[in-house]
Number of protein chains: 2
Amino acid sequence: MDNGPIGVFDSGIGGLTVVDALAKSLPNESILYVGDTARVPYGNKSKVRIQEFTNEITQWLIDQKSKMIVVACNTASSLALDYIKLKFDLPIIGVIEPGIHSAISITKNKQVGVLGTNATIKSDAYGEGLRAANDKISVVSQPCPLFVPLVEEGWVSGDVPTAIATTYLEPIKRSNVDTLILGCTHYPLLKSILRQILGSDVSLVDSGEATAAAVNSVLSKNNIVSNKNTGEIHCYVTDSRDSFEALAGRFVHANISTITHVDIS
Amino acid sequence: MDNGPIGVFDSGIGGLTVVDALAKSLPNESILYVGDTARVPYGNKSKVRIQEFTNEITQWLIDQKSKMIVVACNTASSLALDYIKLKFDLPIIGVIEPGIHSAISITKNKQVGVLGTNATIKSDAYGEGLRAANDKISVVSQPCPLFVPLVEEGWVSGDVPTAIATTYLEPIKRSNVDTLILGCTHYPLLKSILRQILGSDVSLVDSGEATAAAVNSVLSKNNIVSNKNTGEIHCYVTDSRDSFEALAGRFVHANISTITHVDIS
């Protein structure tokens, strides 16, 4: 038993879709969330830089008594997860492994698509992971760099997101993919448009939901489940609270207790 | 006479449209450009943070013997120009004043539009400057947060940018604006789409061109014009060179001598 918080972080606000899934499935766990909004986005930055950022935030979350760490950012999960696993002792999971396991269990024809930021797709973390898990899997990857600014602009339905998503999904539609991993924490907010374009033949894997299931199993295995009645969500942002506060409600439905500015770097 | 470089900086790659205009009109001046790509974009960050970044980069450009500073970033010009002018002794100009003066000289009906990032529009730097220059001017401002990622994705023509630009320009079209300031250094790459949507009745003000004219006059006034035959362009980026190098040719037509990584923060 451990009533310490689960430490979750993302480059910005997108990781709140993981917080949303955690709050739904593990309502008695407290969550400490860091959005590195002073340095967002990670998707167009180098591996060295992202490892440095990830290291600093993980250390800070550990200093706040986090019992485990969830790297709720696909870019940081793909570029820096192994790096911090070597440096720190507590359980650490990313959002990529859970998404891969979920996709492998769903796909029937072994053709899996992956959408992500430029950095995530370039790292081929999903492709490598999928092929390592099952060497019969073939992977179609598609970078979608405009999806994050679209979601943050609040344009999740209508002509513009439909035109952008149609362009990005064209190679996915041409393929025989039956399962599509939403490889960025912002993308679940575009689910309905993606469903509309792809139809019901393609299953969408929301890595937030997959990650929440993985967290549950890590907590049990390590005997660090909370015995509190209810958990709280506390958010920390490295830039000002304003824009985070304005957008947070789009990403997480549970109540956020506090949003506080913090200097980490 | 001073053969030192003109120090130019932006949060990322967009300021290269200013470099492009400088290289065209002042080909015998050398340019030292910093793209703060490790911390791009500035448009969604707070004033305090942007002042801190601007201060660090200005100091670095001065350490490299820059004879004047051009803040080729609308967000930093609107939020941090006065701040660094108080701290440093050399001539410093931003991209906002020149854009304002150009618009004032062009508009006939005194109705001016401004496009920019969220932070630039929220600061109302253009609105305040236009009204201070002429209290009969009325201003229609429109934030266009998707334009920067669009340009960086290379989508500067076709359905998607047309749909996005049509949405953003709707309030401008409804108004009687006869002059439109492109209040972000990325936007000149969308000129042809903007012209197509607005028709020939609206004059577009490219602040890069306006800024190059202002630099010319600052150099003469301070007797710091170069007497070299040709200038060189040297670029420094705070993240890795790769993506900057891949995109730079879209923004600047002159030859870039070197692109180097530098740690400034």
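This one's a predicted model, so the numbers in the text were calculated from it and none came from an experiment. (Residues numbered from 1 in each chain as written. Chains lettered and ligands numbered in written order. Predicted model: local features only at pLDDT ≥ 70, side-chain atom pairs only at ≥ 80, totals over all residues. Heavy atoms only, no water.)

1. Some details on the pattern of salt bridges
Residues and elements named next belong to chain A.
Next, step 1: Enumeration according to the criterion identifies 22 salt bridges over all chains in this entry.
Next, step 2: With a shortest N-O distance of 3.1 Å, Lys-24 and Asp-20 are connected by a salt bridge. Residue Lys-24 and its partner Asp-20 are both found in helix H1 (residues 16-25); the two are separated by 4 residues, about one turn of the helix.
Next, step 3: Residue class for Lys-24 comes out exposed when judged on its relative accessible area of 62%. (Salt bridge = Lys/Arg side-chain N within 4 Å of Asp/Glu carboxyl O. Helix = DSSP H or I, 4+ residues; strand = E, 2+ residues; numbered from the N terminus. Buried < 20%, exposed > 50% of the residue type's maximum accessible area, 1.4 Å probe, protein only.)

2. Some words on the relation of the copies chain A and chain B
Next, step 1: Superposing chain A onto chain B takes a rotation of 180° combined with a translation of 0.0 Å along the rotation axis, leaving an RMSD of 0.0 Å. In the structure described here, the two chain copies are related by an operation that fits a two-fold rotation axis. Looking at the rotation axis and the C-alpha trace of chain A, the residue lying nearest is Arg-39 of chain A, at 2.6 Å.
Next, step 2: Mapped onto chain B, 100% of the interface residues of chain A again fall at the interface, so both copies present the same surface. (Least-squares fit on C-alpha atoms with pLDDT ≥ 70 in both. Contact = heavy atoms within 4.5 Å.)

3. Quick look at the domain arrangement of chain A
Residues and elements named next belong to chain A.
Next, step 1: We note that the domain assignment places domain 1 (6-95 + 209-261) and domain 2 (97-207) within chain A.
Next, step 2: The distance between the C-alpha centroids of domain 1 and domain 2 comes to 22 Å.
Next, step 3: Taken together, the contact pairs 21 residues of domain 1 with 24 residues of domain 2.
Next, step 4: Taking both sides of the interface into account, the surface hidden between domain 1 and domain 2 amounts to around 1700 Å²; carbon and sulfur atoms contribute 57%.
Next, step 5: At the boundary of domain 1 and domain 2, one finds 1 salt bridge.
Next, step 6: Between Lys-191 and Glu-209 there is a salt bridge whose closest N-O contact spans 3.4 Å.
Next, step 7: Counting across the domain 1 and domain 2 interface gives 15 residue pairs in polar contact (both at pLDDT 80 or more).
Next, step 8: Counting only elements with at least two residues in the side of domain 1 that touches domain 2, the list comes to H1, helix H3 (74-87), helix H10 (207-221) and helix H11 (241-251).
Next, step 9: The residue inventory of the side of domain 1 that touches domain 2, partitioned by class, reads 9 nonpolar, 9 polar and 3 charged. (Domains from an automatic or database assignment. Buried area = accessible area lost by both parts, 1.4 Å probe. Polar contact = N/O pair within 3.5 Å; in protein donor to acceptor, adjacent residues only side chain to side chain. Nonpolar A, V, L, I, M, F, W, Y, C, P; charged D, E, K, R; others polar.)

4. Focus on the side chain of Thr-58 of chain A
Residue and element names in this part refer to chain A.
Next, step 1: Counting through the fold element by element, Thr-58 comes out in helix H2 (residues 47-63).
Next, step 2: Using a relative accessible area of 0% as the deciding quantity, one classes Thr-58 as buried.
Next, step 3: Every residue in contact with Thr-58, bar those within four places of it in the chain, is listed here: Phe-9, Ile-69, Ile-84 and Phe-88.

5. Here's the deal with empty space enclosed by the protein
Residue and element names in this part refer to chain A.
Next, step 1: Per the stated rule, a full pass over the model turns up 1 cavity of 30 Å³ or more.
Next, step 2: Taken as a whole, the largest cavity spans an internal volume of roughly 30 Å³.
Next, step 3: Along its surface, the largest cavity is lined by Val-114, Thr-120, Ile-121, Asp-124, Tyr-126, Gly-127 and Ser-141.
Next, step 4: Those elements that provide at least two residues to the lining of the largest cavity are helix H5 (118-123) and helix H6 (125-133).
Next, step 5: Taken together, the residues that form the lining of the largest cavity break down as 3 nonpolar, 3 polar and 1 charged. (1 Å grid on protein atoms, 1.4 Å probe; cavity = no way out; pocket = protein on both sides within 12 Å on 5 of 7 lines; lining within 4 Å. Points joined across faces, edges and corners; volume = space filled by probe spheres on them.)

6. Description of the layout of surface pockets
Residues and elements named next belong to chain B.
Next, step 1: For the second largest pocket, the calculated volume is near 420 Å³.
Next, step 2: Along its surface, the second largest pocket is lined by 24 residues, and Ser-77, Ser-78, Leu-81, Asp-82 and Glu-97 are the ones closest to its centre.
Next, step 3: It is helix H3 (residues 74-87) that contributes the most residues to the lining of the second largest pocket, 8 residues altogether.
Next, step 4: Here the lining of the second largest pocket is built from residues that sort into 12 nonpolar, 7 polar and 5 charged.

7. Section: the sheet that holds strand S3 (residues 68-71) of chain B
Residue and element names in this part refer to chain B.
Next, step 1: Taken in spatial order, the 6 strands of this open sheet run S4-S3-S1-S2-S9-S10, and their pairing is parallel. In the strand order of this sheet, the two ends are held by strand S4 (92-94) and strand S10 (258-261), each with one partner. Taking each pair of neighbouring strands and ignoring which way they run, the sheet shows an average axis angle of 20°.
Next, step 2: Sheet topology places strand S1 (residues 6-10) next to S3; 4 bridges connect them, and they run parallel. Its bridge partner being in S3, Gly-7 is matched across the sheet by Ile-69. (Pairing = 2+ DSSP bridges. Axes fitted to C-alpha atoms, helices over the stretch in contact; angles between N-to-C directions.)

8. A word on H1 of chain A
Next, step 1: Where burial is concerned, most of H1 of chain A is hidden: 8 out of the 10 residues are buried.
Next, step 2: Along its buried surface, H1 of chain A packs onto strand S1 (6-10), strand S2 (31-35), strand S3 (68-71), H10, strand S9 (233-237) and H11 of chain A.

9. Points about the sheet that holds strand S8 (residues 203-206) of chain B
Residue and element names in this part refer to chain B.
Next, step 1: Pairing is parallel in the open sheet, where 4 strands are placed in the order S6-S5-S7-S8. Pairing within the sheet leaves two strands with one partner each, and these edge strands are strand S6 (138-143) and S8. Adjacent strand axes in the sheet meet at a mean angle of 20°, parallel and antiparallel pairs treated alike.
Next, step 2: Pairing geometry for strand S7 (residues 179-182) and S8, over 4 bridges, is parallel. Bridging from a neighbouring strand, Ile-181 pairs with Val-205 of S8.
Next, step 3: Contacting S7 and S8, helix H10 (residues 207-221) runs over the sheet at an angle of about 55° to S8.

10. Digging into the interface of chain A and chain B
Next, step 1: Counting residues at the interface gives 27 residues for chain A and 27 residues for chain B.
Next, step 2: Between chain A and chain B the total buried area reaches about 2100 Å² when both faces are included, carbon and sulfur atoms providing 58% of it.
Next, step 3: It is Arg-49, Leu-146 and Asp-239 of chain A in chain A that bury the most area against chain B; as a group they hold 23% of the surface buried on that side.
Next, step 4: Viewed at the interface, chain B and chain A are joined by 2 salt bridges.

11. Digging into the packing of aromatic side chains
Next, step 1: This structure, assessed with the given rule, holds 12 aromatic pairs over all chains.
Next, step 2: With centroids separated by 6.1 Å and ring planes inclined at 35°, the aromatic side chains of Tyr-33 of chain A and Phe-244 of chain A adopt a geometry described as tilted. Of this pair, Tyr-33 of chain A sits in strand S2 while Phe-244 of chain A is found in helix H11, placing the two residues 211 residues apart along the sequence.
Next, step 3: Where Phe-147 of chain B meets Tyr-187 of chain B, the ring centres are 5.1 Å apart and the plane angle is 85°; that geometry is what we call edge-to-face. Separated by 40 residues along the polypeptide, Phe-147 of chain B in helix H7 (residues 147-153) and Tyr-187 of chain B in the loop between S7 and helix H9 (191-198) bring together distant segments of the chain.
Next, step 4: Of the residues examined, Tyr-187 of chain B reaches a relative accessible area of 0% and is grouped as buried.
Next, step 5: Above the ring of Phe-53 of chain A, the side-chain terminus of Arg-39 of chain A is found at 3.9 Å from the ring centroid. (Phe/Tyr/Trp six-rings, centres within 6.5 Å; stacked < 30°, edge-to-face > 60°. Lys NZ or Arg CZ within 6 Å of the ring centre and 35° of its normal.)

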